[in-house]
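Secondary and tertiary structure notes
Chain by chain, the residues run as shown.
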Amino acid sequence: MEGRITELRMEHITKRFPGVLASDDISIEVGEGEVLALVGENGAGKTTLMNILMGLYQPDEGRILINGEEVRFRGPEDAFRMGLGMVHQQYMLVQNMTVTENVALGYKEAWSPFRLSLPEVRRRVIEISERYSLAVNPDAYIWQLSVGEQQRVELVKTLCLGARFLILDEPTSALTPQETDELIALLRNMTSELSIIFISHKLQEVKALSNKVSILRHGRVVFSGNTDDHSSQDIAAMMTGHSIDLPKNEEERKAGETVLSIRDLVVLSDRRTTALDHLSLDIKAGEIVGLAGVSGNGQRELSEAINGLRKVESGTITFFGKEIQNLSPRQVIDAGMGYIPEERNVEGIVPAFSIRENFILKDASKAPFASHAILSRKDIDSYSEKLVKDFDVRCPGITTAAGSLSGGNIQKVILAREIERKPRFLIAVYPTRGLDLGAVEFIHQQLLAIRRDGIGVLLISEELDEIMDLSDRIAVIYKGSIQKVLMHDEATRARLGVLMAGVKEV
Amino acid sequence: MIEMLVNMLSMCIPFSVALLLASLGEMFNQRAGVFNLGCEGMMAMGAFIGMLIPFSAGGGGAVSQWYNVLGFIAAGVLGAFLGLFFGVVTVTFRAPQGIAGIGLQMFGVGTAGTLFRHFVGGTQSIPGIPDISIPFLSSIPFLGDVFFSHNGAVYLAYLFVPLAWYILFKTPWGLKVRAVGTNPRAADSMGINVSRTRYEALMLGGALAGLAGAYLSIAQAKMFSDTLISGRGFIAVALVYFGHWHPLQIMGGALLFTFAQTFQTQIQSMGISFPYELAVMLPYILVIVVLSFTSRNQTTAPTALGKPFNREIRT
């Protein structure tokens, strides 16, 4: 192992992919003990740049210098050897192996041809986890761990392999507010021994953790400077190129009758454990109810149960006076339910179908799209052209495969289909997950617009800001039941965070 | 009654060897993420080459045991070569594994049959390999007959079970195999060569399938025919699921299946009036029933099973 990394520079890095300039003359610099935040919208080139730094891609132009000396990485192994380590956004862990075994995969010191010294790896895991106070159980299987614990395993793994320079790609995207705070505190502690580059588009974290910030847009660095000198608003504006004010739910609340009433709902998870435990919730016409909670507390099962995709064991779901539990999805759709599902690429669209086919998925057998069991092309085309225009779907044409669009545009296709069908109610599950600010703004405006039309909305999200910006009331879900329902003005981040962690209010 | 049981058990153990070796080979393939339906074809090729060598040497008469050993070695090498070929198709060219496997099965069974007719002709038998009774142990009542009076290949095959366990769970190579079959992207990010590891596992699996075939022709049937393998390659694939990708459980599955088969032949030989068609079906029905009731245990399964890996494509 070599010594410390006192300075890391990437100079004039340019990387072209067919048809795209992913990195355009980018230079960044990180000194010892510094934290550089790399911010930018999706597709701005952040991850490409880090893949170049880790040796996964070769730059077309430019060079990397460590402690003033030029280095060339042919693969991640070369980067490991120099002390760089990356925690990827999708955790790189093998589910059916233990923590120790996962570390052993990269810990070649413990390898001999016919024997793997797991006790040695285990000692190393314990040593590192104590040194950086990252609590992990070396003998636990990955599948037994929560997302937050898996994140710690990733950090421990990277540190065990000798990293003295950490690259973190959106490290908090799957964490609860508490876990996020803990992680930030931990990382801040580590800066006494390490330097960190961290990729994020959550500006609070950027402010809380970083000394320096570099903003990327369309493959270029548009700004570099000290974090403390700039407000979150400034950074957000530079990130998107124009100032963005996400819309807020500020109009007067004029909620009508209760339209969706859930009583004592019990539903099982895929593993046959109780996912919803006597959950009750009422939603009125013309209000947005935000369901806040750490993912995995029954949100998925709730949305599936309402939409007829999961069996209800007991309890009732009353929709406009009619019980809809355990009806088929078709019957629920025909009752007037609109649904923006969690997995947009899997449940929201048929990726290989064209945009226009995706638009009419739910109504393909009805007029005007079909007559006598034959699709009427002309009507479908004019309808699709209109939707693409109204919802600003950026695409080459309506015959483009929906799966080839970016996440934001796929979400617009789904939103267009669901809203244009004139639903009587809408369930939106993580509608803006992984989208950039421009797309988030559009989707928020649409949700507020249908609220204005007097339609009730159940908004399931793990982004507290999203929930607090849009909701009339906020219900907190924990372990399959509703902890508490707060009115919009009673809710604060701290209060919600405590409720989401399962603490009962007295 | 006890005599009949001892009889069945002592038949069951040598008969289970081909299944055991083939399914342990398939286990390594699947642990590395490659689903090999071509196991049957690899076994057929191994059975043919394994029989051809002692047959050519002795013309059907007595031969030195070394020709049998050579037959086994040739079958293992040929199987490894077929595994390599399967790797080119499924790992490098990323062909759909199920289709490629069916292709390999038809190729192997067909080629072995054709070559057999060309080089050997009609049904010919070979002397096979002798039983080795282990001194002292084989004279234990009952147990001696059941466990310690078999041909040498049986002992070697069963010694391979703990060895397979050790390789899978206690060596760096086994760790790599398990990682590339469950989360190849993670393995890749740790600097492990996914394709190379899958090739290695396929070659080991192929060698074991070849040996399994050679065991059938050299030690068990002492002949070759087109129908010698008769679906054992597919049963081996099923046993891997049955045994949850674990060597000891797979051994249990191989024994259970073979026991059902010997039981079925016993019923027939005892002249109990029972439609033999149904009796023959018994072991296969057993596999289907057991497979439908085994839980899909996602926690041990190699979750990347059947999926080609491509670093450039995110899924």
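Residues numbered from 1 in each chain as written. Chains lettered and ligands numbered in written order. Predicted model: local features only at pLDDT ≥ 70, side-chain atom pairs only at ≥ 80, totals over all residues.

Turning to the overall build of chain B, a few remarks are in order. In terms of helices and strands, chain B carries 12 helices and two strands. Beginning at the N terminus, the succession of helices and strands in chain B can be written as α-α-α-α-β-α-β-α-α-α-α-α-α-α. For 315 residues, the compact-globule estimate of 2.2 N^0.38 gives 20 Å, and the C-alpha radius of gyration of chain B, at 20 Å, lies within 12% of that figure. Taken along its principal axes, the extent of the C-alpha atoms in chain B is 60 × 45 × 40 Å. Classification of the 315 residues of chain B by burial places 46% in the buried group. When contacts within chain B are restricted to residue pairs at least 6 apart in sequence, long-range pairs at least 24 apart make up 78% of them. (Helix = DSSP H or I, 4+ residues; strand = E, 2+ residues; numbered from the N terminus. Rg over C-alpha atoms; globule rule 2.2 N^0.38 Å. Buried ≥ 20, exposed ≤ 12 C-beta atoms within 10 Å, placed from the backbone. Contact = placed C-beta atoms within 7 Å.)

Below, the discussion takes up the sheet that holds strand 1 (residues 7-17) of chain A. Residue and element names in this part refer to chain A. Spatial ordering of the open sheet is given by 2-1-4-5, a layout of four strands whose pairing is antiparallel. Looking along the sheet, the strands with just one partner apiece sit at the ends: strand 2 (20-31) and strand 5 (69-71). Looking at each pair of strands side by side, their axes are set apart by 30° on average, direction ignored. Pairing of strand 1 with strand 2, which is carried by eight bridges, proceeds in the antiparallel orientation. (Pairing = 2+ DSSP bridges. Axes fitted to C-alpha atoms, helices over the stretch in contact; angles between N-to-C directions.)

On to the interface of chain B and chain A. Counting residues at the interface gives 18 residues for chain B, matched by 21 residues for chain A. Elements with a minimum of two residues in the side of chain B that touches chain A: helix 7 (172-182) and helix 8 (184-189) of chain B. At five residues, helix 7 of chain B tops the list of elements feeding residues into the side of chain B that touches chain A. Grouping the constituent residues of the side of chain B that touches chain A by class yields seven nonpolar, eight polar and three charged. (Nonpolar A, V, L, I, M, F, W, Y, C, P; charged D, E, K, R; others polar.)

Attention shifts here to the nonpolar core. Residues and elements named next belong to chain B. Of all hydrophobic cores here, the largest spans 158 residues; its most connected members are Leu21, Ala22, Ala47, Phe48, Ala212 and Tyr215. Considering every element that reaches this core, the biggest residue donor is helix 9 (residues 194-220), with 16 residues. When near neighbours in sequence (up to four residues on either side) are disregarded, Phe48 contacts Ala112, Leu115, Phe116 and Phe224. (Core = buried A, V, L, I, M, F, W, Y, C linked by C-beta atoms within 7 Å.)

Residue and element names in this part refer to chain A. Parsing chain A into structural domains produces domain 1 (7-240), domain 2 (260-336 + 423-506) and domain 3 (344-421). Counting residues at the interface gives seven residues for domain 1, matched by nine residues for domain 2. The set of elements that each furnish at least two residues to the side of domain 1 that touches domain 2 consists of helix 6 (177-190) and helix 8 (232-240). The residue inventory of the side of domain 1 that touches domain 2, partitioned by class, reads two nonpolar, four polar and one charged. (Domains from an automatic or database assignment.)

Attention now goes to the pairing of strand 12 (residues 220-226) of chain A. Residue and element names in this part refer to chain A. Two strands pair when backbone bridges link them, and strand 11 (residues 212-217) and strand 12 are joined in this way by six bridges, in the antiparallel orientation. Note that in strand 12 the partner of Val213 across the bridge is Gly225. Where strand 11 folds back on strand 12, the antiparallel hairpin that results is connected by two residues, among which His218 adopts a positive phi of roughly 45°.

It is worth spelling out the sheet that holds strand 17 (residues 322-323) of chain A at this point. Residue and element names in this part refer to chain A. Strand order in the open sheet made by the four strands is 14-13-16-17, with antiparallel pairing throughout. For this open sheet the edge positions go to strand 14 (274-284) and strand 17, each flanked by a neighbour on one side alone. For strand 13 (residues 258-268) and strand 16 (residues 312-319), the ladder comprises six bridges, and the chain directions are antiparallel. Looking across to strand 16, one finds that Ser261 is bridged to Thr318.

On to the packing of helix 2 (residues 39-58) of chain B against helix 4 (residues 97-119) of chain B, then. Residue and element names in this part refer to chain B. As a packed pair, helix 2 and helix 4 sit with axes 6 Å apart at the nearest point and diverge in direction by 20°. Taken together, the axis directions place helix 2 and helix 4 in an arrangement best described as roughly parallel. Where helix 2 crosses over helix 4, the two elements pack in a sense that is left-handed. Contact residues: Glu40, Gly41, Met42, Ala44, Met45, Ala47, Phe48 and Leu52 in helix 2; Leu104, Gln105, Met106, Phe107, Gly108, Val109, Thr111, Ala112, Leu115, Phe116 and Phe119 in helix 4. (Parallel < 35°, antiparallel > 145°, perpendicular 65-115°, else oblique. Left-handed = near helix turned anticlockwise from the far one by under 90°.)

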